[in-house]
Amino acid sequence: MERTNWMNYQKIIDDFITEYPDYKSDVMNFTEYLEIHWGNSLSGEPLRILLKGIDVEFILQSLIYNVEDIQRYKSKTKAKRYATVVGLFFNYIRKTTDIANPELYDAISFNRLRENSYMKRMMAYIEKCDLLAGIVEQEPLTFMQAEELLAWSNEQLEDTEWGGATDLKKAMAAIGIKMMMLYGITYRELRKIKWENFDEYYGFITVNGFELRLPPKLSRQLQQVQKFVFQNHVKSNEDLLFTDGNGEPWGEITSSSGIPDYLGTLIEVTSVTSIVKYGIGQLLKAGLSDSVIKKITGASDKLIQGCLLTEDDELKKTINNKIVMAELYYEF
């Protein structure tokens, strides 16, 4: 991203929405609150003064305004999404402008378990607010999060030596993350996959009776892991594919794979459900039926229903591309 010292709030907003179109409504809701409480210009030096002075408390008050004053957000999940998007927006400002606001930027970058972190403050309000219904449901990965996880996963698989148990554990986690993202396979079903299900010659992996084609890169990476596992005698006795760095099969709890810890460090999410939902969302957009997805992934109906972001522009295009193929469409 190119950094700029030319300050115009509308330009920042437009550039942010261009890069993250799914977040338009939330960032515009924050902008509404900003305009109400700022009686000065949103460009030049006044804008710089404004953005340098915004703190976590100001953003929290903007959330309270949207929840309590105008009742725009009525569920904990939607409120969390707002807080996440505004945090991402200021992280974008940090990366693309020369505006200094280290206290806010640090609070946003801190892991949510840290006492003075941005998300800890936001979630403390969200979880206790009686006006917000339900519990905070885990949403699918965003495009940006998916890119970050994919880059991390490929990085773990570049060096095929994997000198210690930790290195191999990360490599296994990387393979698991990629398969969840690509096929929407639940952790429970991943644990069942054996090396005999991997066809290295044709580049297929068989999951629940379905031969799934592997992307060339993932197929090569699996071959490299397989070679290492067999040569170094860390293959499990049950021939299970997914093991830790000592060859012990992944346990029933996801933490045994190490994935939640890696997610927490990378994207401040610790639930593998986000990855699975992202993968299932891609299958849904590709046109696979719920019944086929259930058989492949092992996901429940409830999980499948929560796998698409309501403001997914890619989904809108997919739906409309299919609608125009309807018989007599142009006669309607």
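Scroll up for the structure.
Residues numbered from 1 in each chain as written. Predicted model: local features only at pLDDT ≥ 70, side-chain atom pairs only at ≥ 80, totals over all residues. Heavy atoms only, no water.

1. Description of a negative patch on the surface
Stated precisely, the cut-off is as follows: By definition, no residue in a patch forms a salt bridge, and every one has over 30% relative accessible area; like charges are joined within 9 Å, nonpolar side chains (Val, Leu, Ile, Met, Phe, Trp, Tyr) within 5 Å. Residue burial considers only the protein chains on display, and all accessible areas are found by Shrake-Rupley using a 1.4 Å probe. By convention in these notes, a salt bridge is any Lys or Arg side-chain nitrogen within 4 Å of a carboxyl oxygen on Asp or Glu. We treat Lys and Arg as the positive residues and Asp and Glu as the negative residues; His and chain ends play no part in the count. Here the site of a charge means atom NZ of a Lys, CZ of an Arg, CG of an Asp or CD of a Glu. Numbering of helices and strands starts at the N terminus; helices are DSSP runs of H or I of at least 4 residues and strands are runs of E of at least 2.
On the surface, Glu155, Glu158, Asp159, Glu161 and Asp167 cluster together into a patch of negative charge. If you trace the backbone, Glu155 turns up in helix α8 (residues 143–156).

2. Comments concerning helix α4 (residues 56–69)
The condition is simple: Helix span is expected to be 1.5 Å times the residue number reduced by one. Relative accessibility under 20% of the residue-type maximum defines a buried residue, over 50% an exposed one, and the middle range a partly exposed one, all with a 1.4 Å probe and only protein chains included. By definition, residues are in contact when any of their heavy atoms lie within 4.5 Å.
Taking 1.5 Å of rise per residue, the 14 residues of α4 would be expected to cover 20 Å, and the 19 Å separating its terminal C-alpha atoms lies within 8% of that figure. Among the 14 residues of α4, 10 are classified as buried, and the element is accordingly described as predominantly covered. Regarding α4, the residues found buried are Val56, Phe58, Ile59, Leu60, Ser62, Leu63, Ile64, Tyr65, Asn66 and Val67. For α4, the elements touching its buried residues are α2 (24–36), α5 (76–96), α6 (102–109) and α7 (118–128). Where α4 terminates, the next one or two residues include Gln71, which has phi positive at roughly 50°.

3. Brief notes about the packing of aromatic side chains
Rules: Here a pair means two rings of Phe, Tyr or Trp (six-membered ring of Trp) with centres within 6.5 Å. Their orientation is stacked below 30 degrees between planes, edge-to-face above 60, and tilted elsewhere.
Scanning all chains against the criterion turns up 21 aromatic pairs. Taking 5.3 Å as the distance between ring centres and 50° as the angle between the ring planes, the aromatic pair formed by Tyr73 and Tyr82 counts as tilted. Like Tyr82, Tyr73 is buried. With 5.3 Å between their ring centres and 90° between their planes, Trp162 and Phe228 make a pair best called edge-to-face. Taken together, the residues span a long stretch of sequence, with Trp162 in the loop between α8 and α9 (165–183) and Phe228 in helix α11 (residues 216–231) at a distance of 66 residues. The exposure classification of Trp162 matches that of Phe228, with both residues buried. Members of the aromatic cluster, connected to one another through ring pairs, are Tyr9, Phe16, Tyr20, Tyr23, Phe30, Tyr33, Phe58, Tyr65, Phe89, Phe90 and Tyr92.

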